[in-house]
Each structure stands twice: as structure tokens, then as C-alpha cells.
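# Descriptive structure summary
So you can see what is in the structure, the chains are spelled out below.
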Amino acid sequence: MPTKIEVNMRVPTLTVRSQNEPDKRIDNSAVRFTKRIEVPALPKPGEMLSLSTDGGKTTFECTVTRSDWHEEKGLFVVACTYAKRSLTIDTYSALVNDNEWTMKQLL
């Protein structure tokens, strides 16, 4: 039975290099990206979760770290980390500009 969940994804810090400007570092340590999706079954810690932006044009994976029931939202919130060690500027831009993903600052 399909289950609706909220993905809470941590992404790595990235450095944007430009020939004409100094390198720019984007620190994502205090940022999480969230999105609600439907999955066939609740993912378990250690499992990979396939995600996308741009209506499926950009795809990537994250590793599930935990799943917790959120009483107020009435669904499971699945915490995960971006699967690769580094994040490309194209994928980062797709995440930031996608209306289905929300960028949340941690307090």
C-alpha cells in the first residue's frame, strides 16, 4: 500500500568556481530540503531513496538515516542525506528552483 511521507534531506556544502570571480562557498549545514512524496513502503535506515526535481528531469539518490512519525503532520518524516559526497551546482540549482522542494533553515 503506497504511503505518503515527507523527505527531509541534508545536502553537502558546495563550492562554485568561476573564472572571473573568486570561488563562492555555499554552506548547507544549517539547511534542509523537504518534499512530500508517495512511496510503495516506508523506507528503512540505510536504504536508498530515489528523488527528482524539475518534474523528473534531474534525478538523484539519498540515504535514509531515520523515519519518525510526526503527529501534527499525520505522516512519517524520513530524514536522509544526499548519497554522493559532493553536489553539483546543476543539481543544487534544480533543488532551489523547484516548487515542490522547500528549503528550510534550521534554528
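For the structure, see preceding data.
A quick note: this is a predicted structure, and the numbers were derived from the prediction, not measured.

When its secondary structure is counted, the protein shows one helix and eight strands. Counting helices and strands in the order they occur from the N terminus, the protein gives β-β-β-β-β-β-β-α-β. Along the three orthogonal principal directions, the C-alpha set of the protein runs to about 50 × 30 × 25 Å. For the protein, with 107 residues in total, the buried portion stands at 35%. Considering only intrachain contacts with a sequence separation of at least 6, the fraction spanning at least 24 residues in the protein is 58%. Looking at the protein as shown, the accessible area adds up to about 7200 Å², and 47% of this sits on carbon and sulfur atoms.

All right, on to unusual backbone geometry then. Look at Asp54: it is not a glycine, yet its phi comes out positive at around 55°. Turning to its location among the elements, Asp54 is positioned in the loop between β5 (48-53) and β6 (58-70).

Let us now look at the pattern of salt bridges. Overall, the coordinates contain five salt bridges when judged by the stated rule. Residues Glu6 and Lys73 are paired through a salt bridge, measuring 2.7 Å at the closest nitrogen-oxygen approach. Of this pair, Glu6 sits in strand β1 (residues 3-10) while Lys73 sits in the loop between β6 and β7 (75-82); the two residues are 67 residues apart in sequence, bridging distant segments of the chain. What you see here is one network of salt bridges that share partners, running through Glu6, Arg36 and Lys73.

Take the pairing of β7 next. With six of its eight residues buried, β7 lies for the most part within the structure. By the bridge criterion, eight bridges tie β6 to β7 in an arrangement that is antiparallel. Each residue of the ladder has a partner; that of Asp68, found in β7, is Val77.

Take Val64: it is sitting in strand β6. For the pair Val64 and Pro43, spaced 21 residues apart in the sequence, the C-alpha separation amounts to 7.0 Å. Excluding residues within four positions of it along the chain, Val64 makes contact with Pro43, Lys44, Pro45, Gly46, Glu47, Leu49, Val78, Ala79 and Cys80.

Thresholds, definitions, all that
- Residues numbered from 1 in each chain as written.
- Predicted model: local features only at pLDDT ≥ 70, side-chain atom pairs only at ≥ 80, totals over all residues.
- Heavy atoms only, no water.
- Helix = DSSP H or I, 4+ residues; strand = E, 2+ residues; numbered from the N terminus.
- Buried < 20%, exposed > 50% of the residue type's maximum accessible area, 1.4 Å probe, protein only.
- Contact = heavy atoms within 4.5 Å.
- Areas by Shrake-Rupley, 256 points an atom, 1.4 Å probe, with all protein chains shown as cover.
- Salt bridge = Lys/Arg side-chain N within 4 Å of Asp/Glu carboxyl O.
- Pairing = 2+ DSSP bridges.

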